[in-house]
Amino acid sequence: MSDDRRIDPFNRKNIDKPEEKKSELKGKSQIEKKLFSVLDDMEKNGATDNKEEEVTNLHREWLTLSWPNYTEDKHLEIIEMYEADARYREYFGEARSKMLITAVKRVLT
């Protein structure tokens with residue numbers, strides 16, 4: 001079997017549209033910067049209901065760029081993974097992780 005036939009349809013779509021993929025990655029990067037900025041603001045100035053909703057919405061948007069079948073239950077499962085796995089906390093930073101986890105749980109439960 002040739003390599004072309006072994007590429008699944010999802011990967012073929014992404015290979016065939018590199019500019020679209022670049023745009024998606026740029027969008028995800030911009031959302032992530034905004035998410036980190038809001039989390040940093042929350043750390044500095046305190047959390048509010050509006051900031052927690054904004055963080056949850058940004059995180060939802062960030063997730064759905066690579067995960068189109070979003071549900072609130074799955075979002076909460078991801079947050080539980082962030083709590084359980086130190087790699088996520090290392091990526092976001094300990095303070096940001098705690099605020100993100102708290103915000104998403106408050107907004108979605």
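Residues numbered from 1 in each chain as written. Predicted model: local features only at pLDDT ≥ 70, side-chain atom pairs only at ≥ 80, totals over all residues. Heavy atoms only, no water.

**Q** Break down the environment of leucine 100 for me, with residues and values.
**A** Here leucine 100 shows up in helix 7 (residues 94–108). C-alpha of leucine 100 to C-alpha of threonine 56: the two residues are 44 residues apart in sequence and 7.4 Å apart in space. (Helix = DSSP H or I, 4+ residues; strand = E, 2+ residues; numbered from the N terminus.)

**Q** Hey, could you go over the packing of helix 4 (residues 49–66) against helix 7 for me, with residue numbers and the actual values?
**A** Two elements in contact, helix 4 and helix 7, have axes separated by 8 Å at closest approach and are oriented at 95°. With respect to helix 7, the element helix 4 is oriented roughly perpendicular. Residues Glu52, Glu53, Val55, Thr56, His59 and Arg60 of helix 4 lie in contact with helix 7, whose contacting residues are Leu100, Thr102, Ala103, Val104, Arg106, Val107 and Leu108. (Axes fitted to C-alpha atoms, helices over the stretch in contact; angles between N-to-C directions. Parallel < 35°, antiparallel > 145°, perpendicular 65-115°, else oblique. Contact = heavy atoms within 4.5 Å.)

**Q** Can you lay out helix 7 for me, pointing to particular residues and giving the numbers?
**A** A rise of 1.5 Å per residue sets the reference length of helix 7, with its 15 residues, at 21 Å; its end C-alpha atoms lie 21 Å apart and thus fit the reference within 8%. Considered for burial, the residues of helix 7 that qualify are Arg96, Ser97, Met99, Leu100, Ile101, Ala103, Val104 and Leu108. (Expected span 1.5 Å × (residues − 1). Buried < 20%, exposed > 50% of the residue type's maximum accessible area, 1.4 Å probe, protein only.)

**Q** So what's going on with the packing of aromatic side chains? Which residues, and what values?
**A** Going through the model one piece at a time under the given rule, you end up with 6 aromatic pairs. The interplanar angle of 65° and the centroid separation of 6.3 Å between the aromatic rings of phenylalanine 36 and tyrosine 91 together place this pair among those described as edge-to-face. One end of the pair, phenylalanine 36, is in helix 3 (residues 18–45); the other, tyrosine 91, is in helix 6 (residues 86–92), and 55 residues separate them in sequence. Summarising the aromatic geometry, the rings of tyrosine 91 and phenylalanine 92 are spaced 5.3 Å apart at their centres and angled 90° between planes, so their arrangement reads as edge-to-face. Residue classification places phenylalanine 92 among the buried positions, given a relative accessible area of 2%. Connected via pairs of aromatic rings, a cluster forms that spans Phe36, Trp62, Tyr82, Tyr88, Tyr91 and Phe92. Over the aromatic face of tryptophan 62 sits the side chain of lysine 28, whose NZ or CZ is 4.9 Å from the ring centroid. (Phe/Tyr/Trp six-rings, centres within 6.5 Å; stacked < 30°, edge-to-face > 60°. Lys NZ or Arg CZ within 6 Å of the ring centre and 35° of its normal.)

**Q** For a negative patch on the surface, give the residues involved together with the corresponding values.
**A** A surface patch of like charges, here negative, comprises Glu72, Asp73, Glu77 and Glu80. By secondary structure assignment, the location of aspartate 73 is in helix 5 (residues 72–84). The exposure class assigned to aspartate 73 is exposed, which follows from its relative accessible area of 57%. (Patch = residues over 30% accessible without salt bridge, like charges linked within 9 Å, V, L, I, M, F, W, Y side chains within 5 Å. Areas by Shrake-Rupley, 256 points an atom, 1.4 Å probe, with all protein chains shown as cover. Salt bridge = Lys/Arg side-chain N within 4 Å of Asp/Glu carboxyl O. Lys, Arg positive; Asp, Glu negative; His and termini not counted. Charge placed at Lys NZ, Arg CZ, Asp CG, Glu CD.)

**Q** Outline the side chain of arginine 96, supporting the account with residue identities and numerical values.
**A** With respect to the helices and strands, arginine 96 occurs in helix 7. Here aspartate 40 takes part through its side chain, which lies 2.9 Å from a polar atom of the side chain of arginine 96. Setting aside its immediate chain neighbours within four residues, arginine 96 contacts Phe36, Leu39 and Asp40. (Polar contact = N/O pair within 3.5 Å; in protein donor to acceptor, adjacent residues only side chain to side chain.)

**Q** Account for the pattern of salt bridges, naming residues and giving values.
**A** Taken as a whole and judged by the stated rule, the model has 8 salt bridges. A salt bridge links aspartate 41 to lysine 51, with the nearest nitrogen and oxygen atoms 3.4 Å apart. Here lysine 51 lies in helix 4 and aspartate 41 lies in helix 3, a separation of 10 residues in the sequence. By relative accessible area, which is 26% here, lysine 51 ends up partly exposed. Each member of the salt-bridge network shares a partner with another, and the members are Lys34, Asp41, Lys51 and Glu54.

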